[in-house]
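Residue-level listing of the chains:
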Amino acid sequence: MKYYSTNKKAPKVSLQEAVVKGLAPDNGLYMPETICRLPDDFFYTIINASFQEIATEVAYAFFGEDIEAKTLKDIVYDTLNFDVPLVPVKGESTIYSLELFHGPTLAFKDVGARFMARLLGCFIQDEGQGAVNVLVATSGDTGSAVANGFLGVDGIHVNVLYPKGLVSEIQEKQFTTLGQNITALEIDGTFDDCQRLVKTAFLDEELNRKLKLTSANSINVARFLPQAFYYFYAYAQAARLGKAENLVVCVPSGNFGNITAGLFAKRMGLPVKRFIAANNKNDVFYNYLQTGKYVPRPSEASLANAMDVGNPSNFVRILDLYSHNHQAVTDDIGGCRFSDQDIVTTIQSVYNETGYLLDPHGACGYAGLRESLHDGEIGIFLETAHPAKFLQTVESSINQSIPIPDKLREFIKGEQHSTPLPKTFELFKEFLLNNNKNR
Ligand SMILES: *Cc1c(COP(=O)(O)O)cnc(C)c1O
C-alpha cells in the first residue's frame, strides 16, 4: 500500500517510509491510498471474537500488503495484551463507556504508541536501518505512553521533552523512571517551547545529516491507524448485548487522531450511525462544524488538558477523508463543547447518581452523549484515561479521595532521572548530537 500526503505535493511513499519519516516533506500528513471495505461477513463473525482476533483482521486490512502476517499478528498480540471493556453506566439504559485505560500507562495512547514502537522496531531490524531517534514533546500523557511503548525496543532511542514544573508528579514519574533507551529532558520553559525545540530539530540540516530523527505523535500513521481497532471491538461488544443498532460514538478530542481512526473504521464498513467530537473550551473544531470556517488559535489550559489543542493536527486528515466537503463532514460528525465548570458538574453528578467515576476527558464524552442522543440510539463514549491520572480534579469534583491503581503506584516508587536543559535550541542540539545514536 502506498501513502500519499494530504498536501499532494510530495511523492507517494511506502508504509516504511511513512512511518520512519512521520511528516511528509510538503508538511502534509500521510494517508493510505485505499481504505478497504471489510466484507459483511466480518461484522457477523466478530461478535464472538476476542479483541486481539478482531484487531489482527483490521491490521491485515491496513498493513497486510507490507508486513508478514505472522509478524503483524505478533505485534497486535503484544500491543493489545489488556482488555478494552464496554461498561454500562448504571441507571442509563443507553450510555456505555468504552474503557481505554487498562494498558501500561492507563490511557488510550498506549495502543498506538506500543504498536508504532514494534512496527518501527521491525523495519529497523529487517532493512538493516541505522538507529532511529524519536523526539517527543509532551504536556504529560503522550510522553508516558510513548516512553513505555518504546521501552526496550532495539535500535530506537527516545527523547521525551517536558516543561519543568508543568506536568503532574504521576505523569513525570511515568517517563523519568524508566532508563534504558528512554531519556527524559526537563526543559526550562513551557510545552510550546518543548514543541518548538522538536520542530526546529526536524528542520535542522546538520542534525538530520548526522542523526535519523522521527516523531511519535498522532501525525504518524503507525500511531494513529491502530486506534481503529477498538472501535470494531466496541461494536462487537455492543452487538453481543443486542445494542448495536443506531450506534453513536462520542470521542473526547484534542489533536483528533483518535476520532479520525474511528472515521476510518466507519469507512471500512463499521456500522456507526454518527460520531460526536467533544471539545473543551478549545472549540476550534466545534466552530468549524457550525460555520464551515476553520480558525485555529492558541490553546487555553483546561481541566481536560490532553484536549487543549488550538490547531488539531489531524484536522487535515478529516478534510481529506471527506474531500473538503463541509456538508459531508457534518453528516458524519456532530460536535459539542464543555467548560471546566461543565466538566466538574458532570463528574460530580454522574458519580453521585450512578457510581461511575469519569475522568475529565471522559466527562466531556459522556456529556456529549447526554446532550445529543436521540430516542432509539445507543451511545458509546470513549473513556480515554483512568480517573486517578487526574487525581486533583476528580477528587475535588466528588469531594472524596479515590484509590490509586497498582500500576500507577509502581511508577510512583521509581527513581527519577532527567537532564535539565534551557529552552535554547543550540544546547538542545548539542545534547542530541552527543547523546543519540548516529546514522
Ligand atoms: C490525547 C488524549 C485525548 C485526545 O486525543 P486526540 O487523539 O489527540 O484527539 C483525550 N483524552 C486523553 C486522556 C488523552 O490523553
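Residues numbered from 1 in each chain as written. Predicted model: local features only at pLDDT ≥ 70, side-chain atom pairs only at ≥ 80, totals over all residues. Heavy atoms only, no water.

Novice: Can you walk me through unusual backbone geometry in this structure?
Specialist: Trans peptide bonds make up most of the peptide bonds, and negative phi angles are found at most residues other than glycine. Although it is not a glycine, Leu106 sits at a positive phi angle of roughly 60°. Tracing the backbone shows Leu106 in the loop between strand E4 (95-99) and helix H5 (109-126). Not every positive phi belongs to a glycine, and Asn399 is a case in point at roughly 65°. Turning to its location among the elements, Asn399 is positioned in the loop between helix H18 (391-398) and helix H19 (406-413). Using a relative accessible area of 70% as the deciding quantity, one classes Asn399 as exposed. (Helix = DSSP H or I, 4+ residues; strand = E, 2+ residues; numbered from the N terminus. Buried < 20%, exposed > 50% of the residue type's maximum accessible area, 1.4 Å probe, protein only.)

Novice: Even after reading the chapter, I still don't get the pattern of salt bridges, so can you show me in this structure?
Specialist: Tallied over the full model, the rule gives 20 salt bridges. Among the salt bridges present, the one from Arg114 reaches Asp78, with a minimum N-O distance of 2.9 Å. One end of the pair, Arg114, is in helix H5; the other, Asp78, is in helix H4 (residues 69-79), and 36 residues separate them in sequence. Using a relative accessible area of 21% as the deciding quantity, one classes Arg114 as partly exposed. Residue class for Asp78 comes out partly exposed when judged on its relative accessible area of 24%. One salt bridge connects Lys429 with Asp204, and the closest N-O pair in it is separated by 3.1 Å. In this pair, Lys429 sits in helix H20 (residues 425-435) while Asp204 sits in the loop between helix H8 (191-203) and helix H9 (205-210), placing the two residues 225 residues apart along the sequence. Side by side, Lys429 and Asp204 carry an identical accessibility label, which is buried. The structure contains a network of salt bridges with shared partners spanning Asp204, Glu206, Lys210 and Lys429. (Salt bridge = Lys/Arg side-chain N within 4 Å of Asp/Glu carboxyl O.)

Novice: Is there a simple way to think about the sheet that holds strand E6 (residues 156-163) in this case?
Specialist: In a beta sheet, neighbouring strands pair by backbone hydrogen bonds and run either parallel or antiparallel. Overall, parallel pairing links the five strands, which are arranged E8-E5-E6-E7-E13 in an open sheet. Among the strands making up the open sheet, the edge pair consists of strand E8 (213-215) and strand E13 (419-421). Within the sheet, the average angular offset between the axes of one strand and its neighbour, ignoring direction, is 30°. Here strand E5 (residues 132-137) pairs with E8 via three bridges, running parallel. (Pairing = 2+ DSSP bridges. Axes fitted to C-alpha atoms, helices over the stretch in contact; angles between N-to-C directions.)

Note that all results are geometric; they support no functional claim without further evidence.
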